[in-house]
Amino acid sequence: MKTAVAELAALGGEPAFAQPLHVGRPNVGDREAILAGIGEALDERWLSNNGRKLEAFERRLSERLGGLHVVATCNATLGLQIAMRALGIEGEVVLPALTFVATAHAVAWEGLTPVFADVDAESLCMGPAEAAARIGPETGALLGVHLWGRSGDAGGLERLARERELPLLFDAAHTLGAERVGKPLAAWGDAAVLSFHATKIANSFEGGAIVTADRELAERAATMRNFGFVDEDEIVGLGTNAKLSEAGAAMGLASLDALDGFLAASRANYAAYAEALAGVSGVTLIAFDPPQSSNCHYVVIDVDPAAAGLGRDELRAVLVAENVLARRYFYPGCHRVPPYDRLPQPALPVTERVLDRCLSLPTGTAVTPEDAAAVGRLIRLALSRPDDVRAAIGS
Ligand code: T4K
């Protein structure tokens, strides 16, 4: 354990971790079950197109989500696109700029116009006030994001959408295992889309799922996922190929079986980070409140440079030198990257502050609470002598 600033790798010491500690290292369920599931698909020579694994995966996920309709897709990005088409959205879509770029790309790829809103300072999600400020005559839908698996005023967004007669879709990519007032985050809005990408709390290698209480919407989405086919020779409209493979579904099933263990690991890491960072001036852990009904899958700190003595990027350099590959999710913000940087740039003060100060720390089953505590100690040590650190990293 390092006790002196001079021992930090940024100042010439050995890295604290021999192997890199990643944000987004996949959680892997029971290896035997995964391989057996893939083996069954091979034995049956049924590798895609509504196979038994896909049906079981959709059924199991639906059970986990209180019986909602589930349409699994090859990823969440195409899931968002299909959901927007199935909802019949046209024109402008109001969404937060503070999200992974896939949210905005899905909108633009559908020929719709993203209109970026700010986020609420507490929840860091777009709430009704931020969304309402960006609604105009061309608005065709609201697209909320449960950022980092946390939720803002989802009920307020639902009320706003009802008042303005707009569909409300949620990007729920980060939310599996997270609830609000006893209701899964993926159950809010007219539809929501989960991601089962390798980096998510549960994965199907690549994958996603459209979730909705509306059976007809789910049927339209399922048809669009498979080229618009409703029968062998019958196509009812425009479709794409967004099918999840049987290998992916087998992985997804094993992930759902292991989900409670994954959640426990993330919550334990979150608790270890919270303890290790308690009282560190200028560093605030973005809270999951309460952790038991959150998935705690993204551990994010806010670094206030004035109070901490180092800025977020300086602290990140210290951690990377220690082999702690912290990420600046979701810097620089959708509004700042092509093609959206050519749109009129709205004032997004809360978004800009978060993008300048937030840092995602490694977690998941590849990280132990002891690792998390060690990362917390490194942060504490670096901030005990910020001037020495800054001089060493030359920022
Ligand atoms: N909406 C939101 C809010 C999202 O965050 C995402 C995806 C989407 C929509 C779209 O969902 P999908 O269409 O992907 O289902 C990664 C993921 O590729 C992306 O799915 C995810 N969000 C995003 C938050 O993270 P990158 O560009 O950061 O990936 P990359 O390659 O830098 O990997 C992240 C870290 O994970 C690295 O430290 C390496 C590690 N890693 C990654 C993979 C894939 C591993 O250790 N092993 C692996 O197999 O986007």
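Refer to the preceding data block for the structure.
Attention here is on the structure that accompanies the text. (Residues numbered from 1 in each chain as written. Predicted model: local features only at pLDDT ≥ 70, side-chain atom pairs only at ≥ 80, totals over all residues. Heavy atoms only, no water.)

1. Examining empty space enclosed by the protein
What counts is decided by this rule: Grid points spaced at 1 Å and placed over the protein atoms alone form the basis of the search, with a cavity being a set where a 1.4 Å probe fits but cannot get out and a pocket an open set showing protein on both sides within 12 Å along at least five of seven lines. Lining residues have an atom within 4 Å of a point. Grid points are joined across faces, edges and corners, and a volume is the space filled by probe spheres set on the points. Helical segments are the DSSP runs of H or I of at least four residues, strand segments are the runs of E of at least two, and each set is numbered from the N terminus. Each residue gets one of three labels, nonpolar for Ala, Val, Leu, Ile, Met, Phe, Trp, Tyr, Cys and Pro, charged for Asp, Glu, Lys and Arg, and polar for the others, Gly among them.
In the structure shown here, the tally under the stated rule is 3 cavities of 30 Å³ or more. Its volume calculated, the largest cavity comes out at about 40 Å³. Considering the residues around the largest cavity, the lining is formed by Cys125, Met126, Gly144, Val145, His146, Ser151, Gly152, Asp153, Ala154, Leu157 and Phe170. Breaking the lining of the largest cavity down by element, the ones donating at least two residues are strand S5 (139-145) and helix H6 (154-163). For the lining of the largest cavity, the class distribution of residues is 6 nonpolar, 4 polar and 1 charged.

2. A short note on the sheet that holds strand S14 (residues 299-303)
Test applied: The criterion for strand pairing is that DSSP finds at least two bridges linking the strands in question. Helix axes use the C-alpha atoms of the stretch in contact, all axes being lines fitted to C-alpha atoms, and the angles between their N-to-C directions lie in the range 0 to 180 degrees.
Overall, antiparallel pairing links the 3 strands, which are arranged S13-S14-S16 in an open sheet. Both outer strands of the open sheet, strand S13 (283-285) and strand S16 (358-361), are each paired with one neighbouring strand and no more. Strand after strand, the sheet turns through a mean of 30° between neighbouring axes, direction not considered. Taken together, the 4 bridges between S14 and S16 define a ladder with antiparallel strand orientation.

3. Remarks on the site of the ligand
Put simply, the rule reads: Whether a residue is near a molecule or strand depends on its heavy atoms: if one lies within 4 Å, it is near. N or O atoms closer than or at 3.5 Å make up a polar contact, with two conditions inside protein: a donor-capable atom paired with an acceptor-capable one, and, for residues adjacent in sequence, both atoms drawn from side chains. Method for areas: the Shrake-Rupley scheme with a 1.4 Å probe, in which residue coverage is limited to the protein chains shown. If over half the atoms of a molecule are within 2 Å of the grid points of a cavity or pocket, the molecule is regarded as sitting in it.
If you check the shell around the ligand, you find 25 residues, and the closest are Arg25, Thr77, Asp171, His174 and Tyr329. Here an oxygen atom of the ligand and a backbone polar atom of alanine 76 are 2.9 Å apart. Within the contact set of the ligand, a nitrogen atom lies 2.6 Å away from a side-chain nitrogen or oxygen of aspartate 171. For the ligand, whose accessible area on its own is 930 Å², the fraction buried by protein is 76%. Judged by the proximity of its atoms to the pocket grid, the ligand belongs to the largest pocket.

4. Let's talk about the pattern of salt bridges
What counts, and what does not: For this document, the term salt bridge refers to a Lys or Arg side-chain nitrogen within 4 Å of an Asp or Glu carboxyl oxygen. The buried label goes to any residue with under 20% of its type's maximum accessible area, the exposed label to any with over 50%, and the partly exposed label to all in between, with areas taken from a 1.4 Å probe on protein chains only.
For the coordinates displayed, the defined rule picks out 16 salt bridges. The salt bridge involving arginine 52 is made with glutamate 44; its shortest N-O contact spans 2.2 Å. The partner of aspartate 313 in a salt bridge is arginine 328, and the shortest N-O contact between them spans 3.3 Å. Here the residue aspartate 313 occupies a position in helix H10 (residues 312-321), and arginine 328 occupies one in the loop between strand S15 (324-325) and helix H11 (349-357), the gap between them amounting to 15 residues. What makes arginine 328 partly exposed here is its relative accessible area of 25%. A single salt-bridge network, built from bridges that share partners, covers Asp302, Asp304 and Arg357.

5. Some points on the packing of aromatic side chains
Heads up, the condition is: For this analysis, a ring pair means two rings from Phe, Tyr or Trp (six-membered ring only for Trp) whose centres lie within 6.5 Å, classed as stacked if their planes differ by under 30 degrees, edge-to-face if by over 60, and tilted for the remaining angles. Any Lys NZ or Arg CZ found within 6 Å of a ring centre and within 35 degrees of that ring's normal is scored as a charge over the ring.
What the rule picks out here adds up to 7 aromatic pairs. Ring centres 6.3 Å apart and planes at 75° place the aromatic pair tyrosine 298 and tyrosine 329 in the edge-to-face group. Of this pair, tyrosine 298 sits in the loop between S13 and S14 while tyrosine 329 sits in the loop between S15 and H11, and the two are 31 residues apart along the sequence. The same class applies to tyrosine 298 as to tyrosine 329, namely buried. In this structure, lysine 183 packs its charged tip against the face of tryptophan 188, placed 4.0 Å from the ring centre.

6. Things to note about the pairing of strand S3 (residues 92-96)
Let me state the cut-off plainly: Here, the term right-handed applies to a crossover whose path from the first strand over the helix to the second runs clockwise when the strands point away from the viewer.
Taken across its 5 residues, S3 has 4 buried, putting it largely inside the fold. Sheet topology places S3 next to strand S4 (residues 113-117); 5 bridges connect them, and they run parallel. Pairing of proline 96 across the sheet is with alanine 117, part of S4. Between S3 and its parallel partner S4, the chain crosses via helix H4 (residues 101-109), and the hand of that crossover is right-handed. As paired elements, S3 and S5 share 3 bridges and run parallel to each other. Note that in S5 the partner of glutamate 92 across the bridge is threonine 139.

Scope: geometric values only; no functional claims are made or implied.
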